[in-house]
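# Architecture at a glance
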Amino acid sequence: MENPSGEIDFETMTIKEGKAEIIVPRLDYYRVSPNEYVPSKAPVFYNPLMKENRDFTVVVASIIRKEVGHSLRFGDSMAGVGVRSIRVLMEAEWDEAYVNDKSQKAFSTMIVNFRLNGLEGRAHPSKTDANVFHVTHSFTGSRFDMLDLDPFGTPVRFLDTCFQAVKHGGMLSVTATDTANLFGIHRRAARILYGVKIFKTGFMKELGVRILLKAMAEAAARNERGVEPVFSITSRHYIKVFVRVLKSRKQAFRNISQIGFLKVRRAGKIYEPMGVVDAGEGCEEDCLLLGPLYAGETYSREWLEKILLQKSKKTFLEGSVFKIVESLLSDDQKIVGSIDLIGLASSFRISPPKRSIVIERLSNEGFAVCRSGLDNNCIRTNARLEDLIKIVRGL
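Described in the following lines is the structure provided in the data block. (Residues numbered from 1 in each chain as written. Predicted model: local features only at pLDDT ≥ 70, side-chain atom pairs only at ≥ 80, totals over all residues. Heavy atoms only, no water.)

### Concerning the overall build of the protein
The helix and strand inventory of the protein stands at 14 helices and 17 strands. For the protein, whose C-alpha radius of gyration is 22 Å, the value lies close to the compact-globule estimate of 21 Å for 395 residues. Out of the 395 residues belonging to the protein, those deemed buried represent 56%. Here the protein displays about 17200 Å² of accessible surface, and carbon together with sulfur accounts for 50% of that area. The centroid of the 57 positive side-chain charges in the protein is displaced by 1 Å from the centroid of its 47 negative side-chain charges. (Helix = DSSP H or I, 4+ residues; strand = E, 2+ residues; numbered from the N terminus. Rg over C-alpha atoms; globule rule 2.2 N^0.38 Å. Buried < 20%, exposed > 50% of the residue type's maximum accessible area, 1.4 Å probe, protein only. Areas by Shrake-Rupley, 256 points an atom, 1.4 Å probe, with all protein chains shown as cover. Lys, Arg positive; Asp, Glu negative; His and termini not counted. Charge placed at Lys NZ, Arg CZ, Asp CG, Glu CD.)

Written out as structure tokens, the structure reads:
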């Protein structure tokens, strides 16, 4: 169908997402299976499977709204059809959104969608490069209370300007979809884009989160800012990280001091975490170093509990949002790296153990242990691999 305004020159359809009613490109044209889309082939970027990602933005924005209360300004650097900003305005009840995309087709589509949802005057569209958009909003009085960056692929070339565009104490949300780089599958790209030496391990999702946080902490420090990780997840094909931005050299130094190398020992298909070390420290002959990466906490338990409080309220959020949060709450974050129980079973030719039983047995033996909230089938423990194998074989 053609939009009545005549501004859209491609075939569209109207859908509902949350409270938003939006016009998007016909989904059938870039659907490759019932649960897979190639939105980069569409005239305007929109991925229905990323609703979960946008749900996280909306729930965090809703909490900020309740806590702050004053006039709030949201920024969306690469908005596509504009649905994220529309939902923040309508569901989280923010006052203003500045919504940007360098594509002319996206710019035209978001304007139509703002009209469709009655948001003229509250949603302010622009058409420019994301870095230019950030710099435009880098001055006192124009910065954002929350900025969302969701590029196609790596976010690294936009991070420096992001930190200039967020208020002191404001929130920055960054999504990365180049998970093959962050998970250590494409090692050369990881070295080029993130300056890290990594390879695929059983806890590669945790590594991805820590590498993205390292890149964000470094970008913040270059701009005399620090970060406080609020919420970090991996789901589907993306990593999403929320941080509070603090204009503080002290916090910047604290963040940089939390960047180090993870020492691992290889045994079959298992990489056993051996602790975080500085670059100058030696490494035993049978050990390897991964990194550098961010070794601090990747999320705030206080914020996770705030998100879970929304579960009892009527929202438009996916159920997976709360399942992910509940999984993270079971992780005490005291140990960097984890052990993949499926990989362990394969390496040592034993039956795959049930994670809950292994945790119970290790705890009874006096070891510190918990599940990993970022990697399925993984546990964090201070037990050495030899102790763990002995316990698993005895189950």
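Continuing now.
### Considerations on the sheet that holds strand E12 (residues 259–267)
On the basis of which strands lie adjacent, the open sheet formed by 3 strands has the order E13-E12-E14 and antiparallel pairing. What marks the edges here is a single partner per strand, and that holds for strand E13 (270–277) and strand E14 (287–294). Adjacent strand axes in the sheet meet at a mean angle of 30° when their direction is disregarded. As paired elements, E12 and E13 share 6 bridges and run antiparallel to each other. Within E13, the position partnered with Val264 by the bridge is Pro273. (Pairing = 2+ DSSP bridges. Axes fitted to C-alpha atoms, helices over the stretch in contact; angles between N-to-C directions.)

### Points about the sheet that holds strand E17 (residues 378–381)
Taken together, 3 strands build an open sheet; the order of strands is E15-E17-E16 and the sheet is antiparallel. Sheet topology places strand E15 (339–340) and strand E16 (369–371) at the edges, where each strand pairs with a single neighbour. Summarising the sheet, E16 and E17 pair through 3 bridges and their orientation is antiparallel. Across the sheet, residue Val369 finds its bridge partner in E17, namely Thr381.

### Structural notes on the pairing of strand E8 (residues 144–149)
Counting buried residues along E8, 6 of its 6 residues qualify, which places the element largely inside the surrounding structure. Two strands pair when backbone bridges link them, and strand E5 (residues 73–76) and E8 are joined in this way by 3 bridges, in the parallel orientation. Its bridge partner lying in E8, Gly75 is registered against Leu147. Sheet topology places E8 next to strand E9 (residues 166–176); 5 bridges connect them, and they run parallel. Among the inter-strand pairings, Phe144 is bridged to a residue of E9, identified as Val166. In the classification by handedness, the crossover that spans E8, the intervening helix H5 (residues 159–164) and the parallel E9 is right-handed. (Right-handed = clockwise from strand over helix to strand, strands pointing away.)

### Topic: the pattern of salt bridges
Evaluated as defined, the whole model comprises 28 salt bridges. Between Arg222 and Asp160 there is a salt bridge, with the nearest N and O atoms lying 2.9 Å from each other. Placement of Arg222 in helix H8 (residues 204–222) and of Asp160 in helix H5 is noted, with a sequence separation of 62 residues between them. Owing to a relative accessible area of 54%, Arg222 belongs among the exposed residues under this scheme. According to the relative accessible area criterion, Asp160 is partly exposed, its value standing at 26%. (Salt bridge = Lys/Arg side-chain N within 4 Å of Asp/Glu carboxyl O.)

### Some words on the nonpolar core
Trp94, Leu172 and Phe231 are the most contacted members of the largest nonpolar core, which totals 105 residues. Contacts of Trp94, omitting those with residues within four sequence positions, involve Ala61, Ile64, Arg65, Leu72, Arg73, Phe74, Val88, Leu89, Arg122, Asp145 and Met146. (Core = buried A, V, L, I, M, F, W, Y, C linked by side-chain atoms within 4.5 Å. Contact = heavy atoms within 4.5 Å.)

### Structural notes on the packing of H8 against helix H9 (residues 249–257)
Put simply, H8 and H9 touch, their axes get as near as 9 Å, and they point 150° apart. One finds that H8 runs roughly antiparallel with respect to H9. Our pair here, H8 against H9, has a crossing hand that is left-handed. Across the interface between the two elements, Ala217, Glu218 and Ala221 from H8 touch Ala252, Asn255 and Ile256 from H9. (Parallel < 35°, antiparallel > 145°, perpendicular 65-115°, else oblique. Left-handed = near helix turned anticlockwise from the far one by under 90°.)

### Quick look at the packing of aromatic side chains
For the structure shown, the criterion picks out 7 aromatic pairs. Measuring from ring centre to ring centre gives 6.1 Å for Phe74 and Trp94, while their planes differ by 90°; the resulting arrangement is edge-to-face. Here the residue Phe74 occupies a position in strand E5, and Trp94 occupies one in the loop between helix H2 (83–90) and strand E6 (96–100), the gap between them amounting to 20 residues. A relative accessible area of 0% means that Trp94 is categorised as buried. Ring geometry for Tyr98 against Phe144: centres 6.2 Å apart, planes inclined by 50°, an arrangement best described as tilted. Placement of Tyr98 in strand E6 and of Phe144 in strand E8 is noted, with a sequence separation of 46 residues between them. For Tyr98, a relative accessible area of 18% corresponds to the buried category. An aromatic cluster of at least three residues, connected via ring pairs, comprises Phe56, Phe231 and Phe242. A cation over an aromatic ring shows up here: Lys306 above the ring of Trp303, its NZ or CZ 4.7 Å from the ring centre. (Phe/Tyr/Trp six-rings, centres within 6.5 Å; stacked < 30°, edge-to-face > 60°. Lys NZ or Arg CZ within 6 Å of the ring centre and 35° of its normal.)

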